[in-house]
Amino acid sequence: MKKFHFGILAIPFIIIVWMFVARQYPPIIFPGPWSTWLEFKKQLVSPDYYHHIGISLYRLFAGFAIAAVSAFVLGLLAGVSKAFRQFLSPMVMLFQATPPMAWAPLLILMLDLGNAPMIAVIVIAAFFPILVNVIQGMERIKITHIRAAQTLGANRMQLAWHVYLPEVMPSAFTGLVVGFGIAWRSLVAAEMIGGSAGIGWLISSSGQIGNSPLVMVGIITIGILAMFFEFVLIYPLKKRFASWALKA
């Protein structure tokens, strides 16, 4: 007999609290679950709704891919070269202390409206968490493992593939997860500030015209996509890299 999972109670609890809060305000300010559900059903058959989701996902994965590849390469180089790591350190501290959204107005002015400034925000948001974790992973590699591989005759390529990569990937994966979460939140915020499409723009524009049920639909969509990423993408990979870390 399976144990009861108390996480199941979270959804009805949220709905009850939502209903209670909605009763305190006019529907135009804070819609209840029923009016939001009616709007959600309407959006499910609207091509525009899926267009906004597609735009946001394109921006997210394009920017995240650029950030992940560049951060991984630079992190490996910084892990191997102490001089390069010292060169990167001040820039990492400076940019990490700056919220990604602080760059959004400037990027919009530089790159105009559209996908480019949104993707640039994603790159900035995701790059530094990934870079820092890759460097930390490289620093944790045991010198005895490197020496043992060299003693067995491993060349640089074999050393990178069989020693560096397996030992750095668990730490790098942590950076990828953190960077992905920051990138997702930054994208929605950037779209609300200067987007002309996307989920963030849908929420912002709906609020401006007083369509509060559609605002709630946009917020719920963000949550649904975040849960999809967690259970379909992140959780399986987390288990994979956890087992890899134990073998390394």
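Residues numbered from 1 in each chain as written. Predicted model: local features only at pLDDT ≥ 70, side-chain atom pairs only at ≥ 80, totals over all residues. Heavy atoms only, no water.

As recorded in an unreviewed UniProt entry, the chain goes by Nitrate ABC transporter, permease protein and comes from Paenibacillus pini JCM 16418. Per its UniProt entry, the chain bears the Sequence similarities (unreviewed entry) comment "Belongs to the binding-protein-dependent transport system permease family." Quoted verbatim from the Subcellular location (unreviewed entry) field of the UniProt record, the comment on the chain reads "Cell membrane". (UniProt positions renumbered as here; feature names shortened; annotations may be inferred.)

(A) Region of the structure containing the UniProt feature "transmembrane region" (unreviewed entry) in the chain. On the UniProt side, "transmembrane region" (unreviewed entry) is annotated at positions that read residues 7-25, 57-80, 92-111, 117-138, 159-184 and 214-237 here. Between the end C-alpha atoms of residues 92-111 there is a gap of 24 Å, over a span that is 65% helix and 0% strand. With 100% helix and 0% strand, residues 117-138 has end C-alpha atoms that lie 32 Å from one another. (Helix = DSSP H or I, 4+ residues; strand = E, 2+ residues; numbered from the N terminus.)

(B) Broad picture of the packing of aromatic side chains. Throughout the structure, instances matching the rule amount to 14 aromatic pairs. Residues Tyr 25 and Phe 30 carry aromatic rings whose centres are separated by 6.5 Å and whose planes lie at 50° to one another, so their mutual orientation is tilted. Judged by relative accessible area, which is 45%, Tyr 25 ranks as partly exposed. In this structure Phe 30 comes out as partly exposed when scored by relative accessible area, which is 24%. (Phe/Tyr/Trp six-rings, centres within 6.5 Å; stacked < 30°, edge-to-face > 60°. Buried < 20%, exposed > 50% of the residue type's maximum accessible area, 1.4 Å probe, protein only.)

(C) A look at the packing of helix 3 (residues 47-80) against helix 9 (residues 199-208). As a packed pair, helix 3 and helix 9 sit with axes 7 Å apart at the nearest point and diverge in direction by 130°. By the angle between their directions, the pair helix 3 and helix 9 is classed as oblique. Counted together, Tyr 49, His 52, Ile 53 and Ser 56 of helix 3 and Ile 199, Trp 201 and Leu 202 of helix 9 form the full contact between these two elements. Grouping the constituent residues of the contact of helix 3 with helix 9 by class yields five nonpolar, two polar and no charged. (Axes fitted to C-alpha atoms, helices over the stretch in contact; angles between N-to-C directions. Parallel < 35°, antiparallel > 145°, perpendicular 65-115°, else oblique. Contact = heavy atoms within 4.5 Å. Nonpolar A, V, L, I, M, F, W, Y, C, P; charged D, E, K, R; others polar.)

(D) Focus on a nonpolar patch on the surface. Together, Phe 61, Met 227, Phe 228, Phe 231, Val 232 and Leu 233 give the surface a local cluster of nonpolar side chains, amounting to about 580 Å² of exposed area. The element contributing the most residues to the nonpolar patch is helix 10 (residues 212-247), with five residues. Mapped onto the secondary structure, Val 232 falls in helix 10. Assessed through its relative accessible area of 44%, Val 232 is described here as partly exposed. (Patch = residues over 30% accessible without salt bridge, like charges linked within 9 Å, V, L, I, M, F, W, Y side chains within 5 Å. Areas by Shrake-Rupley, 256 points an atom, 1.4 Å probe, with all protein chains shown as cover. Salt bridge = Lys/Arg side-chain N within 4 Å of Asp/Glu carboxyl O.)

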